[in-house]
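Structure at a glance
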Amino acid sequence: MVTLLGTVVRAWGSQVLVTDNSNGQEVLVNTNNSTGNLNAGDQVRVIYDGIMTSSIPPQISAQSICVLRVY
């Protein structure tokens, strides 16, 4: 499993556009669940299998997405 830490740009249906905090690249995250609890600006941890498409933007399939609380 691979971890991506990022910032939500936009969330709709079962997809989330995230900016990878490590390199600034936007990544489209596909999920099996609704993304209704995610908002632009949320910091998230995405766990995925390490497979990323070479499309623009690249796409991954999330095993899990967790919103990180910033204090």
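Here goes a summary of the coordinates provided.

Each value, and the rule that gives it
- Residues numbered from 1 in each chain as written.
- Predicted model: local features only at pLDDT ≥ 70, side-chain atom pairs only at ≥ 80, totals over all residues.
- Heavy atoms only, no water.
- Pairing = 2+ DSSP bridges.
- Helix = DSSP H or I, 4+ residues; strand = E, 2+ residues; numbered from the N terminus.
- Buried < 20%, exposed > 50% of the residue type's maximum accessible area, 1.4 Å probe, protein only.
- Contact = heavy atoms within 4.5 Å.
- Core = buried A, V, L, I, M, F, W, Y, C linked by side-chain atoms within 4.5 Å.

Of the pairings in the sheet, the one linking strand β1 (residues 2–12) to strand β2 (residues 15–20) comprises six bridges and is antiparallel in character. Opposite Trp-12, over in β2, you have Gln-15 as the bridge partner. If you look at the hairpin formed by β1 and β2, you'll find two residues sitting between the two strands, and Gly-13 has a positive phi there, around 50°. Of the pairings in the sheet, the one linking β2 to strand β3 (residues 26–30) comprises five bridges and is antiparallel in character.

This part takes up the environment of Met-52. By secondary structure assignment, the location of Met-52 is in the loop between β4 (43–48) and β5 (59–68). A residue is classified by how much of its surface remains accessible, and Met-52, at 35% relative accessible area, is partly exposed. Along the sequence, Met-52 and Leu-28 sit 24 residues apart, while their C-alpha atoms lie 9.6 Å from each other. Here Met-52 is in contact with Val-27, Pro-58, Gln-59 and Ile-60, once residues within four sequence places are set aside.

Moving on: the nonpolar core. If you look at the biggest cluster of nonpolar residues, it comprises twelve residues: Leu-4, Val-8, Val-16, Val-18, Val-27, Val-29, Leu-38, Val-44, Val-46, Tyr-48, Ile-60 and Ala-62. For this core, the secondary-structure elements that each account for two or more residues are β1, β2, β3, β4 and β5. Among the elements that make up this core, the one with the highest residue count is β4 (three residues). In this view, Val-16 contacts Val-8, Arg-10, Ala-11, Val-27, Leu-28, Val-29, Thr-35, Leu-38 and Ile-65; residues no more than four positions away in its chain are not counted.

It is worth stressing that arrangement in space is one thing and function is another; only the former is reported here.
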